[in-house]
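Report on the structure
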Amino acid sequence: MGLNVKLLNDVSDGLKGAKNLITDVPGVRVGQVTVDDQDVHSGVTVIFPHPDNLFRNKVPAASYVINGFGKSVGLVQIDELGTIETPIVLTNTFGVGTAVNALTKMMLTENPEIGDTTSTVNPVVAECNDGDVSNIRKMRITESDVTEALNGASDVFTEGAVGAGRGMMCYDLKGGIGSASRVVKVDDDHEYTIGALVMSNYGFLSDLNIFGQPIGQPLAKVLAADKNREEKGSIITVLATDAPLNARQLRRLAKRATVGINRTGGFIGNGSGEIVFAFSTANLVSHFPASNFDTVTRFNDNAIDVFFRATAAVVDESVLSSLVHADSVVDRKDWLRLSFCDAARKLAKQQPEYADMVATIFSQLGVS
C-alpha cells in the first residue's frame, strides 16, 4: 500500500518494495484489531520483527525519544542492551498496561524458561492518546484484543483509521496507521529493504504542507480549526530493515525519522510524544549462545547516508499514507471527523478557487 505513486520530493533513490509496506522486510508481520463499540473507537496494532521465537533470537534494535511526553514500556532495556525480544504493540494510552500483560503472557506460554531458569522478558508497548475521538476512560482495550492482533499477524495489512490508529487524528484530520518501504541498492551485489510503520496523531491543520503546497491553511479556515492550542499529539514510528546495522547505527537511523515526521508540517510540541523504534533482522542475538563470542558483518558508517535518506522517505510517505487511507469517523461526541480526502473535496466544492490545488495534490498522492 503506502502511496501508489512516487513521492514528488522523495529524498531516496530507492524503489518502493513490492507491497510498499514495512512487511517488505523479509519476516516482518503486522496484526491489527479495530474496536468500534458505541463511543469507543480504538484498537491494537502489533509488529513482529521475525516469525521465529523472538525471546530466544532477539533482533538488534534501538529506540529514540524525539519528545518524551508518553507512556511507552520497554525503552530502557532496549537502550541498554540494544535488542528487542518481543513483538511491538501499539495501542492507546490507557491500554498500555493491558497490552503488557497480554504480551507477557504470550511470551511466557512460548518460553517456559522465562522467570524460572532464565531472566524475565522485556515487553515493548507504545501508545498515543486517542481520547479526543474515543472514550478512553472506558479502558475498553482487553487482553483478548491484544492476543487476537498477535495471533492474526500477516505480511499484508490495512492502513488508515484501523487498529491502534482507529481514534487517532493527524493535522486535525483522521490519521492512524501508515506504512511504506524502500529497496536500497548499495552496490552490484548488495541491496536491502527499509520499511516504516507510523501511528500518526499529531500536528495542526493550518501547518499541513504537502509537496510545498500549504493546503492546510485554507482547510483550517473551511473546517474552523483552531491553532491556538497546545500541541499534545504524538506519533509512534517503527523502522525495520534487513541491513546489517548494529544498535548504535539503528539509533542513528531512528533519529532521521524526525526528518520524515516534519516534512508535512510537524514541529514537535512541548506536550507531544514522538518515539521511534528501529530494528534489524540481520545478526540475530541468541538468548542461549553457543559461544561467548559473536562474529557479525556490520555495514560501514561511511556509506550509511543511503539508509538515512531511505528512512526520511519511508517515514514521510507513511505519514501521508495514514492520511490518504483514513476514512472519516464519527467520534465519541457524535461529531464527524473528516479524513484528508473528504476535507479536501469539501474545500474544492465550497471554495472553487482551490479546486486546482486539490486536484494537483490528489494526483501527486495517487488519489482518484
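Rules behind the numbers
- Residues numbered from 1 in each chain as written.
- Predicted model: local features only at pLDDT ≥ 70, side-chain atom pairs only at ≥ 80, totals over all residues.
- Heavy atoms only, no water.
- Buried < 20%, exposed > 50% of the residue type's maximum accessible area, 1.4 Å probe, protein only.
- Helix = DSSP H or I, 4+ residues; strand = E, 2+ residues; numbered from the N terminus.
- Pairing = 2+ DSSP bridges.
- Arc of directions from axis to C-beta.
- Contact = heavy atoms within 4.5 Å.
- 1 Å grid on protein atoms, 1.4 Å probe; cavity = no way out; pocket = protein on both sides within 12 Å on 5 of 7 lines; lining within 4 Å.
- Points joined across faces, edges and corners; volume = space filled by probe spheres on them.
- Nonpolar A, V, L, I, M, F, W, Y, C, P; charged D, E, K, R; others polar.

**Let's talk about the pairing of strand β11 (residues 234–241)**
Among the eight residues in β11, eight count as buried, and that is most of the element. Burial of β11 is two-sided: the residues Ser234, Ile236, Val238 and Ala240 facing one way and the residues Ile235, Thr237, Leu239 and Thr241 facing the other way are all buried. In terms of strand pairing, strand β10 (residues 190–201) meets β11 through eight bridges, oriented antiparallel. Across the sheet, residue Asn201 finds its bridge partner in β11, namely Ser234. Where β11 lies against strand β12 (residues 273–280), eight bridges are found, and the strand directions are parallel. Bridge pairing in β12 places Thr241 opposite Ser280.

**Comments concerning helix α9 (residues 355–365)**
Along α9, the residues classified as buried are Met357, Val358, Ile361, Phe362, Gln364 and Leu365. An end-on view of α9 places all buried positions within 165° of arc, on one side of the element. Opposite the buried face of α9, at more than 90 degrees from it, the exposed residues are Asp356 and Ser363. Close packing links the buried residues of α9 with α7 (305–325) and α8 (340–350). Gly366 sits one or two residues past α9 and shows a positive phi near 80°.

**Quick word on the environment of Thr311**
Of note, Thr311 is situated in helix α7. Residue class for Thr311 comes out buried when judged on its relative accessible area of 0%. A sequence separation of 72 residues divides Thr311 from Leu239, and the C-alpha atoms of the two residues are 7.8 Å apart. If sequence neighbours within four positions are ignored, Thr311 has contacts with Ile194, Leu239, Leu253, Arg256 and Ala257.

**Concerning the layout of surface pockets**
Where empty space is left becomes clear once a probe the size of a water molecule has been rolled over the atoms. Estimates place the volume of the largest pocket at around 920 Å³. Looking at the largest pocket, it is lined by 36 residues, and the ones nearest its centre are Asp132, Met169, Asp172, Arg229 and Arg337. Elements that contribute at least two residues to the lining of the largest pocket include exactly β6 (124–128), α4 (216–223) and β15 (336–337). Along the lines of polarity and charge, the residues of the lining of the largest pocket split into 14 nonpolar, ten polar and twelve charged. In this structure, the second largest pocket spans a volume of roughly 210 Å³. For the lining of the second largest pocket, the residue count by class is eight nonpolar, six polar and two charged.

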